[in-house]
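The lines below spell out each chain.
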Amino acid sequence: MNYDSFFADAVDALRRERRYRTFAEIERDASRFPRALWHSAGGPREIVVWCSNDYLGMGRHPAVIEAMRETAALRGAGAGGTRNISGNSHEIVTLEHELADLHGKERGLIFTSGYVSNATGISTIAKLIPDCVVISDELNHNSMIEGVRQGGRQKAIFRHNDLAHLEELLQAAGNRPKLVVFESVYSMDGDIAPMAEICDLAERYGAMTYLDEVHAVGMYGPRGAGVAERDGVMHRIDVIEGTLGKAFGVVGGYLTGKRVVMDAVRSYAPGFIFTTALPPAVAAAATASIRHLKASQAERQGQRAQVAKTKAALAAAGLPQMETPTHIIPVMVGDAKACKAASDVLLAEHGIYIQPINYPTVPRGTERLRITPTPFHTDKMIAHLAESLSDVWARLDLPRVAGHQAPLRAAAGTKAIALPMAGG
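Conventions and cut-offs
- Along each chain, residues carry numbers from 1 onward, in the same order as the chain's sequence is written.
- Per-residue local features are limited, in this predicted model, to residues with pLDDT of at least 70; the limit for side-chain atom pairs, both in listing and counting, is 80 or more; totals at the level of whole chains, interfaces and linings are taken over all residues.
- To get the side-chain values, all heavy atoms of the structure are used, and hydrogens and water are removed first.
- Elements are defined by DSSP. Helices are runs of H or I of four residues or more, strands are runs of E of two residues or more, and each kind is numbered from the N terminus.
- For the radius of gyration, the atom set is restricted to C-alpha positions; the globular benchmark scales as 2.2 Å times the number of residues to the power 0.38.
- The cut-offs for exposure are 20% and 50% of the maximum accessible area for each residue type, with area from a 1.4 Å probe on protein chains only; residues under the lower value are buried, those over the upper are exposed, and the others partly exposed.
- Only heavy atoms matter for contacts: two residues are in contact if any of them lie within 4.5 Å across the pair.
- For the accessible areas, the method is Shrake-Rupley and the probe is 1.4 Å, while residue cover comes only from the protein chains on display.
- Working convention for charge: Lys and Arg count positive, Asp and Glu count negative, and His plus the chain ends are omitted.
- For charged residues, the charge sits on one atom: NZ in Lys, CZ in Arg, CG in Asp, CD in Glu.
- Any two strands are treated as partners once DSSP identifies two or more bridges connecting them.
- Salt bridge, as applied in this entry: a Lys or Arg side-chain nitrogen positioned within 4 Å of an Asp or Glu carboxyl oxygen.
- Picture the helix axis, draw a direction to every C-beta atom, and the arc is the one those directions span.
- Angular values range over 0 to 180 degrees, each being the angle between N-to-C directions of two axes fitted as lines to C-alpha atoms, with helices fitted over their stretch in contact.
- Each patch is built from residues that are more than 30% exposed by relative accessible area and take part in no salt bridge. Like charges join if they lie within 9 Å; nonpolar side chains (Val, Leu, Ile, Met, Phe, Trp, Tyr) join within 5 Å.
- Under the pairing criterion, centres of Phe, Tyr and Trp rings, with the six-membered ring standing for Trp, must be within 6.5 Å; the plane angle then separates stacked pairs below 30 degrees from edge-to-face pairs above 60, leaving the rest tilted.
- In this scheme, the term charge over a ring applies when either NZ of a lysine or CZ of an arginine sits within 6 Å of the ring centre and within 35 degrees of the ring normal.

S.K.: So, the overall build of the protein chain: which residues are in play, and what are the values?
M.R.: A tally of regular secondary structure across the protein chain gives 14 helices and 16 strands. Relative to the 2.2 N^0.38 estimate, which gives 22 Å for 424 residues, the radius of gyration of the protein chain is 22 Å and therefore close to what a compact globule would have. With the C-alpha coordinates of the protein chain rotated into their principal frame, the extents come out at 60 × 60 × 55 Å. Here the protein chain holds 424 residues, and the buried ones make up 54% of them. Restricting the contact set of the protein chain to residue pairs at least 6 apart, pairs at least 24 apart contribute 71%. Carbon and sulfur atoms make up 54% of the accessible area of the protein chain, which amounts to about 18,300 Å² in all. The averaged location of the 46 negative side-chain charges in the protein chain is 1 Å from the averaged location of its 46 positive side-chain charges.

S.K.: Before we move on, could you go through the sheet that holds strand β1 (residues 26–28) and cite the residues and values that matter?
M.R.: Reading across the sheet, the four strands line up as β1-β2-β3-β13 and stay open at both edges, with mixed pairing between neighbours. Every other strand in the sheet has two partners, leaving β1 and β13 (352–353) as the edge strands with one partner each. Sheet topology places strand β3 (residues 43–49) next to β13; two bridges connect them, and they run parallel. Bridge assignment links valine 49 to a residue of β13, and that residue is tyrosine 353.

S.K.: How would you sum up the pattern of salt bridges? Please name residues and give values.
M.R.: Close approach of charged atoms allows side chains with opposite charge to pair. Taken as a whole and judged by the stated rule, the model has 26 salt bridges. Salt-bridge contacts for arginine 19 lead to glutamate 17; the nearest nitrogen and oxygen are separated by 2.7 Å. Overall, glutamate 17 belongs to the partly exposed group, its relative accessible area being 36%. With a closest N to O distance of 2.8 Å, glutamate 98 and arginine 291 form a salt bridge. Placement of glutamate 98 in helix α3 (residues 90–103) and of arginine 291 in helix α11 (residues 280–295) is noted, with a sequence separation of 193 residues between them. The exposure class assigned to glutamate 98 is buried, which follows from its relative accessible area of 13%. Given a relative accessible area of 45%, arginine 291 falls into the partly exposed group. The network of salt bridges with shared partners includes Glu98, Asp101, Arg223, Arg291 and Lys294.

S.K.: Summarise the side chain of lysine 311; cite the residues concerned and give the values.
M.R.: Tracing the backbone through its elements, the reader meets lysine 311 in helix α12 (residues 298–316). The residues contacting lysine 311, other than those within four sequence positions of it, are Gln321, Thr324, Pro325, Thr326 and Ile329.

S.K.: Can you explain helix α9 (residues 259–268)? Please cite residues and give values.
M.R.: Each α-helix winds once per 3.6 residues, and so residues spaced three or four apart point in a common direction. Three or more residues of α9 are buried, namely Val261, Met262 and Val265. Each buried residue of α9 lies within a common arc of 95° when the element is viewed along its axis, so the set occupies one face. Of the exposed residues in α9, the ones pointing more than 90 degrees away from its buried face are Val260 and Tyr268.

S.K.: Explain the sheet that holds strand β4 (residues 107–111) to me, and be specific about the residues and the numbers.
M.R.: Ordered in space as β4-β10-β9-β8-β7-β5-β6, the seven strands form an open sheet in which the pairing is mixed. Each edge of the open sheet carries a strand with a single partner, namely β4 and β6 (154–158). Each strand of the sheet is rotated relative to its neighbour by a mean of 20°, with strand direction disregarded. In the sheet, strand β5 (residues 133–137) pairs with β6 via five bridges, with the strands oriented parallel. Each bridged residue has a counterpart across the sheet, and for valine 134 the counterpart in β6 is lysine 155. Contacting β4, β8 (207–212), β9 (239–243) and β10 (253–257), α9 crosses the sheet at an angle of about 25° to β4.

S.K.: Requested: an account of a nonpolar patch on the surface, with residues and values cited.
M.R.: A cluster of nonpolar side chains, namely Met1, Tyr3, Phe6 and Phe7, defines an oily patch on the protein surface of about 570 Å² accessible area. With respect to the helices and strands, phenylalanine 6 occurs in helix α1 (residues 3–16).

S.K.: Please provide a residue-by-residue account of the packing of aromatic side chains, values included.
M.R.: For any pair of aromatic rings, the description rests on two quantities: the centre-to-centre distance and the angle between the ring planes. For the structure on display, the rule yields three aromatic pairs. Arranged with centres 5.9 Å apart and planes meeting at 80°, the rings of phenylalanine 33 and phenylalanine 376 form a pair that is edge-to-face. Residue phenylalanine 33 is found in the loop between β1 and β2 (35–40), and its partner phenylalanine 376 is found in the loop between β15 (368–371) and α14 (379–395); the two are separated by 343 residues along the sequence. Judged by relative accessible area, phenylalanine 33 falls into the buried class, the value being 11%. The residue whose ring lies beneath arginine 364 is tyrosine 359, and the NZ or CZ to ring-centre distance is 3.8 Å.

S.K.: Outline unusual backbone geometry, supporting the account with residue identities and numerical values.
M.R.: In the segment running from phenylalanine 33 into proline 34, the intervening peptide bond is cis, with an omega of 10°. Mapped onto the fold, proline 34 is located in the loop between β1 and β2. In this structure, proline 360 follows tyrosine 359 across a cis peptide bond, with omega equal to 10°. By secondary structure assignment, the location of proline 360 is in the loop between β14 (356–357) and β15. One non-glycine residue, aspartate 131, lies in positive phi territory at about 60°. With respect to the element layout, aspartate 131 can be found in the loop between α4 (114–128) and β5. The phi angle at aspartate 397 is positive, at roughly 55°, despite the residue not being glycine. As for its placement among the helices and strands, aspartate 397 is situated in the loop between α14 and β16 (415–416).

From the geometry alone we can't say anything about function, so treat these as descriptive.
The following block contains the structure:
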């Protein structure tokens, strides 16, 4: 039997559907972020990265780098094992205290990634609640979907940010235990959940709440705890999940909540028990980043300014960006082949790196380029981005959005904007 053919056929199917993923080999330059080197077929070339999740550039912050360097020199490169064996370092314990303080919770719990913290956290919590019904937003991240699946409990999916539908499902669950899982900032559409109203419903119907803040921690709220802090509802959320790998600029995931809940997850979750811990140097770097962003507003203010300038520049160019209240700027293409072609031309001819976002990350027909400005994207870079996108749109004959046309139909829960044509 030719086993290789099964895998080759699977990959060929992706190629036919224009969903085969290719990765550019990028060499980040901490001293010149967001500039980087692209190792192209013709040799290394300088580019500007416009799609990084290092939203505030904290991965290159001197205090973060020094904490990692100093701790690695003292403690070594690795963790030494799982938390249960020899990997429960002082640095990880300190980081968990820092995260609990950030979110106003009794305890934090560190995982190796945000994906693992979601998949393991949701599934373990659901398993530990007898007869639980998990009620999940339809646009939740794959890690949350996987957590719901692994939990093995009855699930119900509510339409994205649809409070009436959520209430219907809460009512239908009756007196059974209920877990509502949702995100604050949705990463592909850049919209925000109505958290206060979700908390109102959860409290009214006796449901536990689980909030993913991965695209918000570090960037929103007076201390960078996320949208829940900004909106004054952090104390109403039972479990807050986040990542160290986006605005905090390092790597890892975490949960925060009541001590008893975190202790139960710690004691039962396979994704926590059976995996090697984060190295002390990584934990120390994350702690340095969190402490800095608790006190500093400069990074958040700088990012907001550059996001606003980028949105304005794209609007002036007549590009079909999706209106969002966040730092995420989706520019809609609507076709997988065209989206990949636009990304390729931007990189090869304009030195701009923006990965195409295609199905299954977004629904078919809503393919897009996802732009995430940082405080370090200069006004000159923004102007070059708008000019380059405008050139690519013209060369590929992609639709711009004229003021008299109907707005683009965006994915559920989003609002597209009608922009004037560039040049009249």
